[in-house]
Amino acid sequence: MSCLAIDYDDVVAAHRRLAGIAHHTPVLRSATADARSGAALYFKAEHLQRVGAFKFRGGYNALSQFDHGQKASGVIAFSSGNHAQAIALSARLHGIRAVIVMPEDAPAIKIAATRGYGAEVVLYDRYTQDRETLGRELAEAEGLTLIPPFDHPHVMAGQGTAAKELFDDVGELDTLIVPLGGGGLLSGCATVARARYPRCRIIGVEPEAGNDAQRSLASGEIVTIATPRTIADGAQTQALGCLTFPVLQQCVDEIVTVTDAELVETMSFLAGRMKQLVEPTGCLAAAAAFSGRVGIKGQRVGIMLSGGNVDLQRFAELISAAAPQATTRADRA
C-alpha cells in the first residue's frame, strides 16, 4: 500500500465527481510546434477549463466532499488568482460562502473574476505578509474550512484528472511535461502517469527565479525560498507542500527551469501560431519543450497548458517588449 497522499483510484473518483461539471478540455496539435521541437506535441488545453485554469478541477473536487457543517460555515482559500477563482466558482455551485485571500498585485482580471463569482476578497502584500498565516487566522476566527491551493489530497486528486483525460484521449506518451508551483498539478498528473504508463518520463517545469522544487528534490528535503520575482505569478510559491513533495520525490524524473524571456516567447508563439491566449505560468511546460531544456526529439510528448488568465494589457506589454528581440533573431536565421 502506498504511503502517499493520493493514488490513482482517488483521481478516478475525482473524475467521476467532475463529470458534466468540469470541461473535458481539448488536446491541441500544431505542425509548426512539432517541427520546432522535433517531437509530436500534444497540448492539453487547460487554459480553456472553467475559470480559465486547471485549478477548477481540484477546487470542485475538494468542496464536493464537504460535510453539512462545512458547507454551512463556508470555505476560505489563499491564492494568486486561479485557485481563488476555482474555489469561488465551486463554492457558488455548491451554495457555500467563500472568502479568498489574494495578493494585492495579482492580475486585475483574476481579482475581478474571483469577486464576480461571488467570493469575498481579502487583499494582502505578498512580499511582507504571510498568506498562510492570514488564511488560518481568518479560518479560525470565522469557522471556515481552509482549502490550500495545492497541499491537499482532494485538490491533488482533482488536478490529476487533467492527465487522465489526456491519456484517455491520446494514449501512451514518452514524456509528460507539467508546470510546477506548489506541486498540486504535477503530483496529480504524475500519479496518473505512473499508474497508467510506468515508462512515461515525467518532467516538472518551474521559473528559473523560483527553483525551490528543483533544489528540494536535489537535497532530499523541502527547500524554502523568498517569494520569487517572475512573471509566472501562479508559480511564485516559496516551497513545495508536505503532501506534494513525497509524490514528486517518488514519481517525477526531473525538474527543469525556464526564464521569463522564454515564457514570453512561448506566449507569443502560442498566440500567433496556435491562436491560444495562455498566461505566463501556463506556458512553463511548452517553454521547456521549445527551449530544449528537455530532450524530446522523436518522442510523443504531453504538454500541460495550465491556465489562460492574463490581463490583455499586460499580455500586450510583454509581447511588444519581446518583439524587437524576436525580429532580430528572425533576421539572423
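Before reading on, note that the structure itself is shown above.
The residue numbering used here restarts from 1 in each chain and proceeds along that chain's sequence as written. Selection of residues for local features in this predicted model requires a pLDDT of at least 70, selection of side-chain atom pairs for listing and counting requires 80 or more, and totals for whole chains, interfaces and linings are taken over all residues. Side-chain measures here rest on the full set of heavy atoms in the structure, leaving out hydrogens and waters.

What follows covers the overall build of the protein. Going along the chain from the N terminus, every DSSP run of H or I of four or more residues is numbered as a helix, and every run of E of two or more is numbered as a strand. Along the backbone of the protein there are 14 helices and 10 strands. All radius of gyration figures rest on C-alpha atoms, and the globule criterion is 2.2 Å times the number of residues raised to 0.38. For 333 residues, the compact-globule estimate of 2.2 N^0.38 gives 20 Å, and the C-alpha radius of gyration of the protein, at 19 Å, lies within 12% of that figure. Overall, the protein is about 60 × 45 × 40 Å in size when its C-alpha atoms are taken along their principal axes. Counting across all 333 residues of the protein, residues that qualify as buried make up 58%. Throughout, a contact is declared for two residues whenever any of their heavy atoms are within 4.5 Å. The contacts in the protein between residues at least 6 apart in sequence include a share of 73% that link residues at least 24 apart. Residue burial is assigned from relative accessible area. The probe radius is 1.4 Å, only protein chains are included, and a residue is buried under 20% of its type maximum, exposed over 50%, and partly exposed in between.

Its location among the elements puts Asp233 in the loop between helix H10 (212-219) and helix H11 (244-251). For Asp233, a relative accessible area of 11% gives the class buried. Within the structure, the side chain of Asp233 is placed 2.9 Å from the side chain of Lys110, a separation counted as a polar contact. Ignoring sequence-local partners within four residues, the contact set of Asp233 consists of Ser80, Pro107, Lys110, Arg126, Glu279 and Thr281. Identification of polar contacts relies on pairs of N or O atoms within 3.5 Å, with a donor-acceptor requirement for protein atoms, meaning one able to donate a hydrogen and the other able to accept it, and with residues adjacent in sequence counted only if both atoms are side-chain atoms.

On to the sheet that holds strand S5 (residues 120-124). Strand pairing follows a simple DSSP-based rule, namely that at least 2 bridges must link the two strands. The strand order S5-S4-S3-S6 describes an open sheet built from 4 strands, whose pairing is parallel. Only two strands of the sheet have a single partner each, and these edge strands are S5 and strand S6 (145-146).

What counts as a salt bridge is simple: a side-chain nitrogen of Lys or Arg found within 4 Å of a carboxyl oxygen of Asp or Glu. Scanning the model with the defined rule gives 16 salt bridges in all. The closest approach of N and O atoms between Asp168 and Lys164, which form a salt bridge, is 2.9 Å. Here Asp168 and its partner Lys164 are both found in helix H8 (residues 153-170), 4 residues apart, which amounts to about one turn of the helix. Notably, a salt bridge pairs Asp168 with Arg196, separated by 2.9 Å at the nearest N-O pair. One end of the pair, Asp168, is in helix H8; the other, Arg196, is in helix H9 (residues 184-196), and 28 residues separate them in sequence. On the basis of relative accessibility, which here comes to 38%, the residue Asp168 falls in the partly exposed class. Overall, the relative accessible area of 24% leaves Arg196 in the partly exposed class. Taken together, the shared-partner salt bridges in this structure form one network comprising Lys44, Glu46, Arg57 and Glu165.

Glancing now at the nonpolar core. Residues grouped as a nonpolar core are buried Ala, Val, Leu, Ile, Met, Phe, Trp, Tyr and Cys residues, joined through side-chain atoms within 4.5 Å. Counting residues in each nonpolar core, the largest one holds 38 residues, and the members touching the most others are Leu41, Phe43, Ile177 and Ile303. Breaking this core down by element, the ones donating at least two residues are strand S2 (40-45), strand S8 (201-207), strand S9 (254-258), helix H12 (260-274), helix H13 (284-291), strand S10 (300-305) and helix H14 (312-332). For Ile177, the contacting residues outside a window of four places in its chain are Ile203, Val205, Ala285, Ala288, Ala289, Val294, Ile296, Val301, Gly302, Ile303 and Met304. Val11, Ala157, Phe167 and Leu180 belong to the second-largest nonpolar core, a separate cluster that totals 35 residues.

Despite not being glycine, Val51 shows a phi value in the positive range, around 65°. If you trace the backbone, Val51 turns up in the loop between S2 and helix H3 (55-63). Owing to a relative accessible area of 6%, Val51 belongs among the buried residues under this scheme.

Across a sheet, paired strands are connected by hydrogen bonds in the backbone, their directions being either parallel or antiparallel. Read from one edge of the open sheet, 6 strands run S1-S2-S10-S7-S8-S9, paired in mixed fashion. Sheet topology places strand S1 (27-28) and S9 at the edges, where each strand pairs with a single neighbour. Inspection of the sheet shows S1 paired to S2 by 2 bridges, in the antiparallel sense. Within S2, the residue paired with Leu28 across the bridge is Phe43. The axes are straight lines fitted to the C-alpha atoms, using for helices just the contacting stretch, and the angles between their N-to-C directions are given from 0 to 180°. With respect to the sheet, H12 is in contact with S1, S2, S9 and S10, its orientation differing from that of S9 by roughly 85°.

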